[in-house]
Amino acid sequence: MNLKDHIRGVPDFPKPGILFYDISTLLRHADAWQVAMGRLTNVVRAYHPTVLAGVESRGFLLAAPLALKLGCGFVMLRKRGKLPGATVGLDYALEYGTDRIEIQSDAVAPGARVVVVDDLLATGGTMAAGIKLLQNVGAEVVAAAALIELTFLNGRGKFDVPFEALVQYDD
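Numbering of residues begins from 1 in every chain and follows the order in which that chain's sequence is written. Only residues with pLDDT of at least 70 are given local features in this predicted model, and only at 80 or more are side-chain atom pairs given and counted; all residues enter the totals for whole chains, interfaces and linings. Side-chain descriptors were evaluated using all non-hydrogen atoms of the structure, hydrogens and water having been removed beforehand.

K.L.:
Give me the lowdown on helix α4 (residues 125-136), citing residues and values where you can.
P.N.:
The helix and strand labels rest on DSSP assignments: H or I over at least four residues marks a helix, E over at least two residues marks a strand, and numbering proceeds from the N terminus. Expected helix span is taken as 1.5 Å per residue step, with the number of steps being one fewer than the number of residues. Helix length check: α4 (12 residues) gives 16 Å between terminal C-alpha atoms against 16 Å at 1.5 Å per residue, within 8%. Residue burial is assigned from relative accessible area. The probe radius is 1.4 Å, only protein chains are included, and a residue is buried under 20% of its type maximum, exposed over 50%, and partly exposed in between. What α4 keeps buried is the set G125, M127, A128, A129, G130, I131, L133 and L134. Within two residues after α4, G138 carries a phi angle of roughly 100°, on the positive side.

K.L.:
Pulling in residues and values, what's your account of the sheet that holds strand β6 (residues 97-104)?
P.N.:
Two strands qualify as a pair provided DSSP detects at least 2 bridges between them. Spatially, seven strands are ordered β5-β6-β4-β3-β7-β8-β9 in an open sheet, and the strand pairing comes out mixed. Each end of this open sheet is capped by a strand with a single partner; those strands are β5 (87-94) and β9 (163-169). Looking at each pair of strands side by side, their axes are set apart by 20° on average, direction ignored. Both strand β3 (residues 51-55) and strand β7 (residues 113-121) contribute to a ladder of four bridges, which runs parallel. Note on β7: the bridge partner recorded for L52 is V115. Contacts: residue pairs with any heavy atoms within 4.5 Å of one another. Geometry is summarised by axes, namely lines fitted to C-alpha atoms with helices restricted to the contacting stretch, and by angles between N-to-C directions that run from 0 to 180 degrees. Each of β3, β4 (73-79), β7 and β8 (140-150) touches helix α3 (residues 58-70); the most contacted strand, β3, lies at about 165° to it.

K.L.:
Explain the pattern of salt bridges to me, using residue names and the numbers behind them.
P.N.:
In what follows, salt bridge is the name for a side-chain nitrogen of Lys or Arg lying within 4 Å of a carboxyl oxygen of Asp or Glu. Counting across every chain of the model gives eight salt bridges. E102 is the salt-bridge partner of R100, the closest N and O atoms lying 3.1 Å from each other. E149 is the partner of R156 in a salt bridge, and the nearest nitrogen-oxygen pair spans 2.8 Å. Sharing partners across several salt bridges, the network here consists of R80, D91, R100 and E102.

K.L.:
Explain the packing of helix α2 (residues 30-45) against α3 to me, and be specific about the residues and the numbers.
P.N.:
Interaxial distance between α2 and α3 falls to 10 Å at its minimum, and their mutual angle equals 65°. Our classification of the angle between α2 and α3 gives roughly perpendicular. As for how α2 packs across α3, the hand of that crossing is right-handed. Contacts between α2 and α3 involve W33, M37, L40, T41, V44 and R45 from the first element and L61, L62, P65, L66, K69 and L70 from the second. Each angle gets one of four labels, with under 35 degrees taken as roughly parallel, over 145 as roughly antiparallel, 65 to 115 as roughly perpendicular, and the rest as oblique. Each crossing is labelled by how the near helix is turned from the far one, with a counterclockwise turn of less than a right angle marking it left-handed and a clockwise turn marking it right-handed.

K.L.:
How would you explain the packing of aromatic side chains if you had to name every residue and give the values?
P.N.:
Two aromatic rings, drawn from Phe, Tyr or Trp (for Trp, its six-membered ring), form a pair once their centres lie within 6.5 Å of each other, and the interplanar angle then sorts them: stacked below 30 degrees, edge-to-face above 60, tilted otherwise. Applying the stated criterion to the full structure yields four aromatic pairs. Look at F13 and F20: their rings are 5.2 Å apart centre to centre, the planes differ by 80°, and that puts the pair in the edge-to-face class. Note on F13: relative accessible area 42%, which makes it partly exposed. A ring has a charge above it when a Lys NZ or an Arg CZ is no more than 6 Å from the ring centre and no more than 35 degrees off the ring normal. Sitting over the ring of Y169, K4 keeps its end group 4.6 Å from the ring centre.

K.L.:
Which residues make up the UniProt feature "domain: Phosphoribosyltransferase" (unreviewed entry) in the chain, and what are the values?
P.N.:
As annotated by UniProt and renumbered to match this structure, "domain: Phosphoribosyltransferase" (unreviewed entry) occupies residues 28-148. Between the end C-alpha atoms of residues 28-148 the distance is 17 Å, and the span holds 34% helix and 38% strand. UniProt positions are given in the numbering used here, feature names are shortened, and annotations may be inferred rather than shown by experiment.

K.L.:
I'd like to hear about α3, residue by residue, with values.
P.N.:
In this model, α3 (13 residues) spans 19 Å end to end at C-alpha, consistent with the 18 Å of a helix rising 1.5 Å per residue. Looking only at α3, the buried set comprises G59, F60, L62, A63, L66 and A67. Down the axis of α3, the sector holding all buried residues measures 170°, keeping them to one side. Contacts from the buried residues of α3 go to α2, β3, β4, β7 and β8. Residue G71 follows α3 closely and has a positive phi angle near 70°. Directions pointing from the helix axis toward each C-beta atom define the arc.

K.L.:
How would you sum up the pairing of β4? Please name residues and give values.
P.N.:
Look at any regular strand and the pattern is simple: side chains alternate between the two faces of the sheet. Strand direction decides the pairing type here: β3 and β4, joined by five bridges, are parallel. The residue of β4 that forms the bridge with G54 is M76. Orient the strands so they point away from the viewer; a crossover is then right-handed if the path from the first strand over the helix to the second runs clockwise. Handedness of the β-α-β unit built from β3, α3 and β4 comes out right-handed. Sheet topology note: the β4/β6 ladder contains two bridges and is antiparallel. Note that in β6 the partner of R78 across the bridge is E102.

What follows is the structure, given as structure tokens:
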């Protein structure tokens, strides 16, 4: 099955000139969703994670069911102020300005083998920040994965862990 057949391109969203790759069309197609999760399971299993870290918010849609399939834990990497309890955060640069990603301070045991999961890798800034944050709290980040990679933006060049994507767009 070609997963690209189930991913809708939405022009000029969220702003003019951006082509948004919408995974909701894949998620609502039961067979395509099963195939995508099966393929992602096979890819991520090779890294022997003990925890998957989902990047807010579409990364949660992939990482949580994937963690169940793999029999490992799931933690959330969220924007500032979205997690209860004590948190640890990391500020990172955006194209215009900064943002912050946070994790609960007790979410990951030191030495945990973590794979960071998101729906899409574009410029790599958020993924790189999530990897660095997890390393800062003592995790061993063994890989990162996404359903979609926009290869023309070279996001994987922003971090130094193995990266896997099921679908790639070159323009």
